[in-house]
Every structure is written in structure tokens, then in C-alpha cells.
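Chains, contacts and geometry: an overview
Letter by letter, the chains look like this.
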Amino acid sequence: MAEYITLKSRVQSIYDYRQVDISQFLTGFEPDDRQLEKDMTRWLRRFGKPVQPEHLEVGDTAVLRCQSSLPRFAKESVTVPVGKGLFDKELEKQLVGMAVGETRTFFTGDTQVEVTLLSASRVQLPALTDKAIGALGVEEVQSVAQLRTLCLKKQVEGFLLEDENPDMASAYVWQTVAKNSRFDRDPEECRLVDIQAEKRLQEVEARYEQAEPEETEEQEEDSPSVVGFTVDTFRQVFLTELDLATIGQEMLRQENALLTQEDYEARLDKLQEAYPHKTRQELTEQESLFRFACDYYADVLAQGIDAYVSRCFIAHFAR
Amino acid sequence: MISIATYETYPQLTREGFTIVDFYSTTCVPCKMLSRILEDLTLDYPFLNIVKVNTTDEPKLGVEHQIEAVPTVIFMKDGQELEKVVGLMDEEELEEKISLHYYG
């Protein structure tokens, strides 16, 4: 039977993160219509039918043989998405109209290039109609409106990654859960938190002292600062993390998916691969069993909160 | 095509032709953004070979390639490193690198 790794600290009552109202954070998203159109086309591409064009057009993919005195244009076989301009904008414009097997001589700038079109392919996209989209048989996308919503959802997801509002919403949920749940902290684990806090403060101070003295003013503003940091600053952060880890642990206990000793050993094995010169003892000091469990279980809750925040944003904006 | 590399499969996946290697970790937000951009790129450029390395699962590959932060993208040709870029790149920047290294 697997030997589970659990924290001795326990949660006594859990405040469900799905009860937290984050409507005050649901702002800031503006849909990008140009990107939306691009994403809809990209989605349709997955269902495109490959055909062989008689003559090249912008959007086709061409395989070329090029001869020239310039190495960039001297290739036995090169794949070029026509019109994207990645190979050469000027040359790609001149490719339009070529037939497979045909050889033509072009100039791009002052460079002469002899081009033979070896093969060409085109992706014929399904029509952007409800009927054509419905015929693709994708359960969640049966119409143009649903495709639009799917692509809009993607934009909102991108916004969720880029914008600070979702992070603030997640932090708010995190704090609300910590404040309204009840915990029973184990004294020994609190002592480990104290040690960790002292260590972190030392690390931050060391980093501050090592900062380059000849930095610009702008860099100085971004440099780590120890002003206002005390052991207690970090103790509070790590204690909150310990509290919330006990909730993550409880969530996994209900799913029968608690960490096992094998998971920890596997983590140490990976670290050993990366740092072969270190002893097992040094690695367990680098990543203690307590830290491993605390990070893992806290992350379980964090992921649940992030998913909840994402769902709220998507439901609000991707309509 | 996007492949996920392990320490064992990495040499085979990057041995031939032009390859974009994305070193990432699952908890890093810019990595997720880059991952979406790369997925979009493969729809526009299906001939690209993109290899992803999860540095948490494969720390040895991270150490061997001196990955100090994620995301890090390495552009390779025939197994040789051409350029290493640390940090998030947008679609246009990636296209510039493809233009430079794939066609260069």
C-alpha cells in the first residue's frame, strides 16, 4: 500500500472559493476583431482539404528550387508559404501565377534568382456558414456564432494570461479563503516555516547586497529591496501557504490522490539527474519533504482558484 | 508539428533540419502564452518542427542547455544551436526568427 505524504496541520472548516464574488475585477477586456477573424480562419484550417493548385496564389505553400549567387536564394528545396514574406517579400509576390514544373527568373533587389516550382499545395477551407460548420461534426461548434464564441473565448484566455486583473482576482479569492477558513496549525510545521522565513530573508538580503553598484536609475527601481522586509513578512506568506496547502490536501484526500513517498523520491531522482554532483542529503535539504508537500498541495488549491477565476471571466466576456 | 521531448527522445527530435525548441514549465504564465503562439504558428506553418521540453520533468536537459529561466527558445539547425532567446516572444518576433534561421 502506498505511503501517503500528508501535512500535520489541518483545516477545520473550508470556505468554498466558488462563493467569492469577483465581479469588481471583471473589467478591461476589449475584443480584437482582426484577431478574431484570423483565429476563425485558423480554426477552419484544421478541417481544410488539401488540393493541388494549377497556379500559385497568395496563401499557397510552394516547394521551390532556387539558384542564385546569394546563399539565401541558392537552395535545392525550400518550403515557402506564399505571401507571408518570411522567405522574401518581393520574390514571393512574383511567384504568384507560376505552375508546377515551371522555371522563371526573378529579381529581388539587385539579386537574380532562378526559381523552379517543384510542388504546390493549397488548403481549401470550409465555407464560413452554419451549414458547412455544422457538417464538420464538432460537438461544441455547430454554427458561425459558436465558432465566434470559441475564438472569443481564446482571446479572453489570452487576456487572462496577460492582464493583471485576473491575478488580482485570484489573489483576492486566495486571501478571502484564507481569512474565512479555520485552521489547526501543527507547532513543528510552524517551526519549519520560521526556519524557511529566516532563510528567505537571508537570500533576499544577499541578492540585494550583490546588486550591481553601477546600475541605471531605472534598473535600481526594479532591484530587489530589503526595505520593510522582516522575518515576519515571510513568515506570514509561508503560514498562509501552509494554511491553504491543508485545503489542497483535503481536496486531494477526497479524490484519493494524496502525494506518496514515491512521488517525493521521483522528484529527488529528477533533481539528482540535474545536479549529479550533489548528495541525496543535499538534495533533501534543497527540497525538503515538508516544502515539497506544502508547495504541491497549495498549488492544487491555486489551480482550482485560477480555473474558477477563468470561468468567471470567460462567462462574463465571451458571450 | 509539435512534439514533447524527454531526455531520451530529444536528440532524435532535434537531429535533422530546422527546429524550434521551447523550454517551459507548467506553472510559468509567459510559457503558457508562448505555447499558444507556437500552436497557432504550426497551423500557419505546418512544416515547422517544434519541440517542447518541460524543464520540471526534464531538468537534465535544462542543465545541459544552460536554461536559467523559462520560457527559453532555442533555434536549431541539424542539431546545432543557432540562437537562444530567453523570455516571451510574440508571433511577429518568432516569424522574424524563422525568416532569419530557416531561410538564412
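Just so it is clear, the model here is predicted, and its values are computed rather than measured. (Residues numbered from 1 in each chain as written. Chains lettered and ligands numbered in written order. Predicted model: local features only at pLDDT ≥ 70, side-chain atom pairs only at ≥ 80, totals over all residues. Heavy atoms only, no water.)

1. With respect to the side chain of aspartate 22 of chain B
All names here are of chain B. Here is the rule we go by: Numbering of helices and strands runs from the N terminus; a helix is a DSSP stretch of H or I covering at least four residues, while a strand is a stretch of E covering at least two. Residue exposure (1.4 Å probe, protein chains only): buried if accessible area is under 20% of the type maximum, exposed if over 50%, otherwise partly exposed. Residue contacts are counted whenever heavy atoms from the two residues lie within 4.5 Å of one another.
Relative to the helices and strands, aspartate 22 resides in strand β2 (residues 18-24). Given a relative accessible area of 0%, aspartate 22 falls into the buried group. Discounting chain neighbours no more than four positions away, the residues touching aspartate 22 are Leu34, Leu38, Val51, Lys52, Val53, Pro71 and Thr72.

2. Notes on helix α6 (residues 187-210) of chain A
All names here are of chain A. In plain terms, the rule: A helix is expected to span 1.5 Å multiplied by its residue count minus one. Counted as a polar contact is a pair of N or O atoms within 3.5 Å, where, for protein atoms, one must be capable of donating a hydrogen and the other of accepting one, and residues adjacent in sequence contribute only when both atoms are in side chains.
With 24 residues, α6 extends 35 Å between its outermost C-alpha atoms, agreeing within 8% with the 34 Å of an ideal straight helix rising 1.5 Å per residue. Taken as a whole, α6 has its buried residues at Glu189, Val193, Gln196, Ala197, Leu201 and Val204. Where α6 is buried, its residues touch α8 (231-254) and α11 (289-317). In this structure aspartate 186 caps α6, since a side-chain oxygen of it lies 3.2 Å from the backbone nitrogen of glutamate 188.

3. Comments concerning the interface of chain A and chain B
How big an interface is tends to be expressed through the accessible area that disappears when the partners come together. Note the cut-off: Joining two parts hides part of their accessible area as seen by a 1.4 Å probe, and the buried area is that hidden amount summed over both. Each reported salt bridge corresponds to a side-chain nitrogen of Lys or Arg within 4 Å of a carboxyl oxygen of Asp or Glu.
Each partner contributes to the interface: chain A provides 24 residues, whereas chain B provides 24 residues. Looking at the side of chain A facing chain B, the largest losses of area belong to Arg42, Leu86 and Leu161 of chain A, adding up to 31% of the total buried there. The interface formed by chain A and chain B contains eight salt bridges. In this structure, aspartate 44 of chain B and arginine 42 of chain A form a salt bridge, with 2.7 Å as the shortest nitrogen-oxygen distance. At the surface where chain A touches chain B, the tally comes to 12 residue pairs in polar contact (both at pLDDT 80 or more).

4. Observations concerning a negative patch on the surface
Spelled out, the test is: For patch detection, residues must exceed 30% relative accessible area and be free of salt bridges, and they are connected within 9 Å for like charges or within 5 Å for nonpolar side chains (Val, Leu, Ile, Met, Phe, Trp, Tyr). Only the protein chains shown count as cover for residues, and the accessible areas themselves come from Shrake-Rupley with a 1.4 Å probe. The positive count covers Lys and Arg only, the negative count covers Asp and Glu only, and His and the chain ends enter neither. Positions of charges follow a simple convention, taking NZ of Lys, CZ of Arg, CG of Asp or CD of Glu.
The grouping of Asp90, Glu92, Glu93 and Glu96 of chain B at the surface amounts to a negative patch. Along the polypeptide, glutamate 93 of chain B turns up in helix α4 (residues 91-101).

5. A closer look at the sheet that holds strand β5 (residues 80-86) of chain B
Residue and element names in this part refer to chain B. Convention followed: Only strands that DSSP links by at least two bridges are regarded as paired with each other. To get an axis, fit a line to the C-alpha atoms, keeping to the stretch in contact for a helix; angles then go from 0 to 180 degrees between the N-to-C directions.
The sheet built from five strands is open, its strands ordered β1-β3-β2-β4-β5 with mixed pairing. Both edges of this open sheet fall to β1 (2-4) and β5, since each of them pairs with a single strand only. The average undirected angle you get between the axes of adjacent strands in this sheet is 20°. In terms of strand pairing, β1 meets strand β3 (residues 49-54) through three bridges, oriented parallel. Of the residues in β3, the one forming a bridge with isoleucine 4 is lysine 52. This element, helix α2 (residues 29-44), spans β1, β2, β3 and β4 (72-77) of the sheet and lies at about 155° to β2. Seen against the sheet, α4 touches β2, β4 and β5 and runs at an angle of roughly 160° to β5.

6. Quick look at the packing of aromatic side chains
Residue and element names in this part refer to chain A. Inclusion rule: We call Phe, Tyr and Trp rings a pair once their centres come within 6.5 Å, taking the six-membered ring for Trp, and we label the pair stacked below 30 degrees between planes, edge-to-face above 60, and tilted otherwise.
Evaluated as defined, the whole model comprises 19 aromatic pairs over all chains. Seen from their ring centres, tyrosine 264 and phenylalanine 292 are 5.3 Å apart, and the 45° between their planes marks the pair as tilted. Here phenylalanine 292 lies in helix α11 and tyrosine 264 lies in helix α9 (residues 261-274), a separation of 28 residues in the sequence. In this structure phenylalanine 292 comes out as buried when scored by relative accessible area, which is 10%.

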